[in-house]
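Commentary on secondary and tertiary structure
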Amino acid sequence: MIKIRQHTPTQLKLYKPDGTFVGFINNQVESLNVRLDIAKNKLTGYYFMHGQLRITITENGSVENWPSGLYNETSIICRELYNRQLNDTNNQ
């Protein structure tokens, strides 16, 4: 049976090094694009806030203090799809 699952991802807040609020990050793609822009421009001091948790974005776009499970839904679903497709291919 097909079931449409509604999904409301966690919202992060993005801040400049001086603490100025930049905007809301609404999903994994937005967070990855911000991190890529930071890496491309070699920026420092930017960070996300997840509730009271500060998630530092390093100059190369990696993050410190990333909470387990945050924005991992896409990876989990893609992994399951890949494994099912691989299993089907191996059983032909």
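The preceding data block contains the structure.
The following paragraphs examine the structure supplied in this document. (Residues numbered from 1 in each chain as written. Predicted model: local features only at pLDDT ≥ 70, side-chain atom pairs only at ≥ 80, totals over all residues. Heavy atoms only, no water.)

**Comments concerning the overall build of the protein chain**
Each helix and strand in the protein chain was counted, giving 2 helices and 5 strands. Radius of gyration (C-alpha) of the protein chain: 17 Å, far over the 12 Å computed for a compact globule of 92 residues. Its C-alpha atoms give the protein chain principal-axis dimensions of about 55 × 25 × 20 Å. Taking as baseline every contact in the protein chain between residues at least 6 positions apart, the subset at least 24 positions apart corresponds to 37%. For the protein chain, the computed accessible surface area is about 7,000 Å², with 50% contributed by carbon and sulfur atoms. Taking the average location of the 10 positive side-chain charges in the protein chain and that of its 8 negative ones, the two points are 3 Å from each other. (Helix = DSSP H or I, 4+ residues; strand = E, 2+ residues; numbered from the N terminus. Rg over C-alpha atoms; globule rule 2.2 N^0.38 Å. Contact = heavy atoms within 4.5 Å. Areas by Shrake-Rupley, 256 points an atom, 1.4 Å probe, with all protein chains shown as cover. Lys, Arg positive; Asp, Glu negative; His and termini not counted. Charge placed at Lys NZ, Arg CZ, Asp CG, Glu CD.)

**Observations concerning the environment of Asp88**
Along the polypeptide, Asp88 turns up in helix 2 (residues 73-90). Note: C-alpha distance between Asp88 and Ile77 (11 residues apart in sequence) is 17 Å.

**Considerations on the pairing of strand 4 (residues 53-57)**
Relative to strand 4, strand 3 (residues 47-50) is paired through 4 bridges, and the arrangement is antiparallel. What sits directly across from Phe48, in strand 4, is Ile55. Connecting strand 3 to the antiparallel partner strand 4 that follows it, the hairpin turn spans 2 residues, and Gly51 within it adopts a positive phi of roughly 65°. Where strand 4 lies against strand 5 (residues 63-64), 2 bridges are found, and the strand directions are antiparallel. Residue Ile57 lies in a different strand from strand 5, and its bridge partner there is Val63. (Pairing = 2+ DSSP bridges.)

**Concerning the pattern of salt bridges**
The tally for this structure, following the rule as stated, stands at 1 salt bridge. A salt bridge links Arg84 to Glu80; the nearest nitrogen and oxygen atoms lie 3.0 Å apart. Within this pair, Arg84 and its partner Glu80 are both found in helix 2, separated by 4 residues, close to a single helical turn. With relative accessibility at 43%, the residue Glu80 sits in the partly exposed group. (Salt bridge = Lys/Arg side-chain N within 4 Å of Asp/Glu carboxyl O. Buried < 20%, exposed > 50% of the residue type's maximum accessible area, 1.4 Å probe, protein only.)

**Some remarks on the nonpolar core**
As a rule of thumb, soluble globular proteins bury nonpolar side chains together. Counting 11 residues, the largest nonpolar core consists of Leu12, Leu14, Ile25, Val34, Ile38, Tyr46, Phe48, Ile55, Ile57, Leu70 and Tyr71. Looking at this core, the elements that each hand over two or more residues are strand 1 (12-15), helix 1 (28-41) and strand 4. Beyond its immediate sequence surroundings of up to four residues, Val34 is in contact with Leu14, Ile25, Phe48 and Ile57. (Core = buried A, V, L, I, M, F, W, Y, C linked by side-chain atoms within 4.5 Å.)

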